Amino acid sequence: MKLEILNEIIQKKSSSQNFALLTNLTNGNSEIFEFGKFLSNDFESYKKQIENYHSLKKNGVIDGTQIFIQNFTKPIEVIIVGAVHIAQYLVDLFKNLNFVITIVDPRKFFITAERFPDVKIINDWPEEIFKKLETDSNNALITLTHDPKIDDPALKHALKNKFFYIGALGSKKTHTKRCQRLKESGFTQEEIASIHGPIGIKLGGKSGPEIALSIVSQLVLESNKLLLNSKK
Amino acid sequence: MEKQIKRTILEQARDWFESDRKVILARVIQTWGSSPCPVGSDMIVNDKGEFFGSVSGGCVESNVIEECLDLLKNNNSFKQLEFKVSDDNAWNVGLACGGEIKIYIEKINS
């Protein structure tokens, strides 16, 4: 493989684009594929099959060919509302997983670069932030403040924009009240039920790192379900 | 060390290349039965025999490294490797899990 292709992959990965690496196993030639891109002779005649594999995020040797396709897909973007101590453990746990993290909190004493080095932090109200951020079903939301005036606008935005995972920290009692508020704001029962609350899978732990682990586990579980469904 | 762990395999490959190491990229291209690493899993090897990443969870890495070094020695640019169920005589090159994998190795060149 040529160094320029390696560099192109590194660059595209860091800018979170969807693309694939194609390799002709008979002559060793490689090329980057993106929808709409012109392909060289090595690959052009297989374009339909390549596009098909790429849409399904399927890696492998394309049936009946000697073309290997490896897909690089945009990582899931997780927005964490609340720069609290559980968020610090979350950042640690997410580090080796393929997620991009953004932490938001309107409270300036919580959201500092010292507490959160190496991740994107935004010091503002979720309502304001979501006006500027581009979000879709590739996003996940974790709310940690259990303060309605901070969490609720984020939850509403995530529901409206069909985030694939929405989780809210807080006791059963807190969550019941939260559901009631969302109902009064016009969200359907089904939409409200899609929120994971209380957040996380049951690990039985109460400490910050354990709660963070239960949240990360749930998010990974849901993202893998999503991937499986897309391949069916 | 910590910095190394955070680097992606491809970034590490580029760094090696830029510090004048010869670099081989190995990728899992096909699997049958139970194999620990999915298609697309990758590993890099340099001319000093150092490696980073994984293609089988430890079962065939040593053999892949040897194949990569041979590729360099013979001045070839790519090769396909196949590994099947292990037998007692070849414990170090087989897959204990009973799966089969095909690995594609290729040299990074300028």
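Here the structure is a predicted model, which is why all the values come from computation and not from measurement.

**Q** Would you explain unusual backbone geometry in this entry?
**A** Note: most peptide bonds trans; most residues except glycine with negative phi. At the junction of A:Gly197 and A:Pro198, the peptide bond is cis and its omega measures out at -10 degrees in the coordinates. Structurally, A:Pro198 is set in the loop between helix H8 (189-193) and helix H9 (208-231).

**Q** Sorry if this is basic, but what is going on with the domain arrangement of chain A here?
**A** How big an interface is tends to be stated in terms of the accessible area lost upon association of its parts. Annotation of chain A at the domain level lists domain 1 (3-72) and domain 2 (76-231). The C-alpha-based centres of domain 1 of chain A and domain 2 of chain A are spaced at 34 Å.

**Q** Is there a simple way to explain the sheet that holds strand S2 (residues 42-46) of chain B in this structure?
**A** Two modes of strand pairing occur in sheets, parallel and antiparallel, and in both the strands are linked by backbone hydrogen bonds. All names here are of chain B. Spatially, the five strands line up as an open sheet ordered S3-S2-S1-S5-S4, and their pairing is antiparallel. The open sheet is flanked by strand S3 (51-53) and strand S4 (78-83), the only strands paired with a single partner. Between one strand axis and the next, the sheet turns by 20 degrees as a mean value, whatever way the strands run. One ladder, built from six bridges, connects S4 with strand S5 (residues 100-107); its direction is antiparallel. Note on S5: the bridge partner recorded for Gln 80 is Tyr 104. Sitting on the sheet, helix H2 (residues 9-18) is in contact with strand S1 (23-32), S2 and S3, with an inclination near 15 degrees to S2.

**Q** I tried to follow the sheet that holds strand S5 (residues 76-81) of chain A on my own but got confused; where do I start?
**A** All names here are of chain A. Spatial strand order, S7-S6-S5-S8-S9: five strands in an open sheet with parallel pairing. With one partner strand each, in any of the chains shown, strand S7 (120-122) and strand S9 (165-168) form the two edges of the open sheet. Within the sheet, the average angular offset between the axes of one strand and its neighbour, ignoring direction, is 15 degrees. Judged from the three bridges that link them, strand S6 (residues 99-104) and S7 form a sheet pairing that is parallel.

**Q** Is there a simple way to think about the interface of chain B and chain A in this case?
**A** On the side of chain A, 15 residues touch chain B, which itself brings 19 residues to the contact. At the level of secondary structure, the elements contributing two or more residues to the side of chain B that touches chain A comprise H2, S1, S4 and S5 of chain B. When residues of the side of chain B that touches chain A are assigned to their parent elements, the largest contribution, five residues, is made by H2(B). A breakdown of the residues in the side of chain B that touches chain A according to their chemical character gives nine nonpolar, six polar and four charged.

Thresholds, definitions, all that
- Along each chain, the written sequence defines residue order, and numbers are assigned to residues from 1.
- The lettering of chains begins at A and the numbering of ligands begins at 1, in the order of writing.
- Local features in a predicted model are, by the rule used here, given only for residues with pLDDT of at least 70; side-chain atom pairs are given and counted only at 80 or more, and totals for whole chains, interfaces and linings are based on all residues.
- Runs of H or I in DSSP of at least four residues are treated as helices and runs of E of at least two as strands, each being numbered from the N terminus.
- Per the annotation, domain bounds derive from an automatic or database assignment of domains.
- One requirement defines pairing of two strands: DSSP has to find at least two bridges between them.
- Fitted lines through C-alpha atoms give the axes, limited to the stretch in contact for helices. The angle between two N-to-C directions lies from 0 to 180 degrees.
- Remark: residues whose backbone-derived C-beta atoms lie within 7 Å of one another are considered to be in contact.
- In the scheme used here, Gly and all other residues not listed as nonpolar or charged are polar, with Ala, Val, Leu, Ile, Met, Phe, Trp, Tyr, Cys and Pro taken as nonpolar and Asp, Glu, Lys and Arg as charged.

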